[in-house]
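Residue strings, one per chain:
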Amino acid sequence: MWKHLLPIACCMALASWAGAADRELAGLPSQFKKLLPLHEKLGKPKPGEWLDQHREPGQSFREYVDSGPIRPTRQRSVIYVQPLGEFNATQRKIINLTAEHMQIYFGLKVKIATDLSLEVIPEKARRVHPSWGDKQVLSTYVLDDVLRPRLPKDAVAYIAFTTSDLWPGEGWNFVFGQASLQQRVGVWSIYRNGDPDASEDAFKLCLRRTIKTATHETGHMFSMYHCTFHRCNMCGSNHRAESDSHPMWLCPVCLAKLCWATRTDPEKRYEKLAAFSKEHGLEEERKFYEESLTVMRGKQPAADSGQPAASEKR
């Protein structure tokens, strides 16, 4: 009996994989298909990872375009970064560099708004974590009661940056950040990103983590779902180790969505991201962006590019 069932199960698995592959490529422009060999496909999630606990459908490029996503308009084309709370000089530098990176990442003007005090958060939207003792701010209050009433008229996205730990409500311990798919508001925290004053490497780690959360949450504000195709900045994360395993860059499917939504030239974007990464010592990102630019231009990447083929990655 088992020898008859096994081939059927294998065929079902192959059919499921083929369907997922077809959906991934649905409507994807050819210039982005060139990049596919550079990106690692997501495998079966490990216990405790995001997709192990959250069954998400994902979103192809065609599905994204057909959904009528939030996009910049002539009247609403600025991304606002809203500092919330107190920051030391190094944390302030992290904010400024993250805003600079976001301007390149999305191809849109980014403005840093005047600071808001944590006094705008009432006691009902604060707590001390019952097990860890961390002081936390309710992220949904920040979205609905702090940001939405203050949303600038020319904002396509308005995202708060805070040094306070965040939690989204009952049943959750914390979140790195949170955003609304429709209301164009988001919040992210530096609290769990490490001490940027500890060393040069600690500064770079904090910068990477902060940029990843900021661009991930802003991606949601442009109606982008969590990625279920590749290791990508738009993948969901359940914990720090999983978040750190995701790259700063977007997979070809999510990159195509962003470039379509913001009318960003992907080659010029890669050029500027590579230059930013080089200037600030983000070597892994620099190598990847330069290799991607080479491939998009129809050339072979250099043998010493430092980026293994997708099939060689973990």
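Look a little higher up for the structure.
Residues numbered from 1 in each chain as written. Predicted model: local features only at pLDDT ≥ 70, side-chain atom pairs only at ≥ 80, totals over all residues. Heavy atoms only, no water.

Trainee: Hey, could you run me through the pattern of salt bridges in this one?
Mentor: Pairing is possible between side chains of opposite charge, provided their charged atoms come close. Taken as a whole and assessed by the stated rule, the structure comprises 12 salt bridges. In this structure, the salt-bridge partner of Glu-290 is Arg-286, at a minimum N-O distance of 2.7 Å. One end of the pair is Glu-290 and the other is Arg-286, both in helix α11 (residues 283-296) and 4 residues apart, which spans about a single turn. Looking at Glu-290, the relative accessible area reads 35%, which means it is partly exposed. Judged by its relative accessible area of 16%, Arg-286 falls in the buried class. (Salt bridge = Lys/Arg side-chain N within 4 Å of Asp/Glu carboxyl O. Helix = DSSP H or I, 4+ residues; strand = E, 2+ residues; numbered from the N terminus. Buried < 20%, exposed > 50% of the residue type's maximum accessible area, 1.4 Å probe, protein only.)

Trainee: Quick question: what am I supposed to make of the packing of aromatic side chains here?
Mentor: By convention here, two paired aromatic rings are described through the distance between centres and the angle between planes. Counting across every chain of the model gives 12 aromatic pairs. Measuring from ring centre to ring centre gives 5.3 Å for Phe-174 and Phe-176, while their planes differ by 70°; the resulting arrangement is edge-to-face. Phe-176 matches Phe-174 in its accessibility class, with the two residues each being buried. Ring geometry for Tyr-270 against Tyr-289: centres 6.0 Å apart, planes inclined by 40°, an arrangement best described as tilted. Note that Tyr-270 is positioned in helix α10 (residues 266-279) and Tyr-289 in helix α11, a separation of 19 residues in sequence. For the residue pair Tyr-270 and Tyr-289, the accessibility class agrees, reading buried in each case. Linked through ring pairs, Trp-249, Tyr-270, Phe-288 and Tyr-289 together constitute an aromatic cluster. Across from the ring centre of Trp-260, 3.9 Å away, lies the NZ or CZ of Arg-71, which sits over that ring. (Phe/Tyr/Trp six-rings, centres within 6.5 Å; stacked < 30°, edge-to-face > 60°. Lys NZ or Arg CZ within 6 Å of the ring centre and 35° of its normal.)

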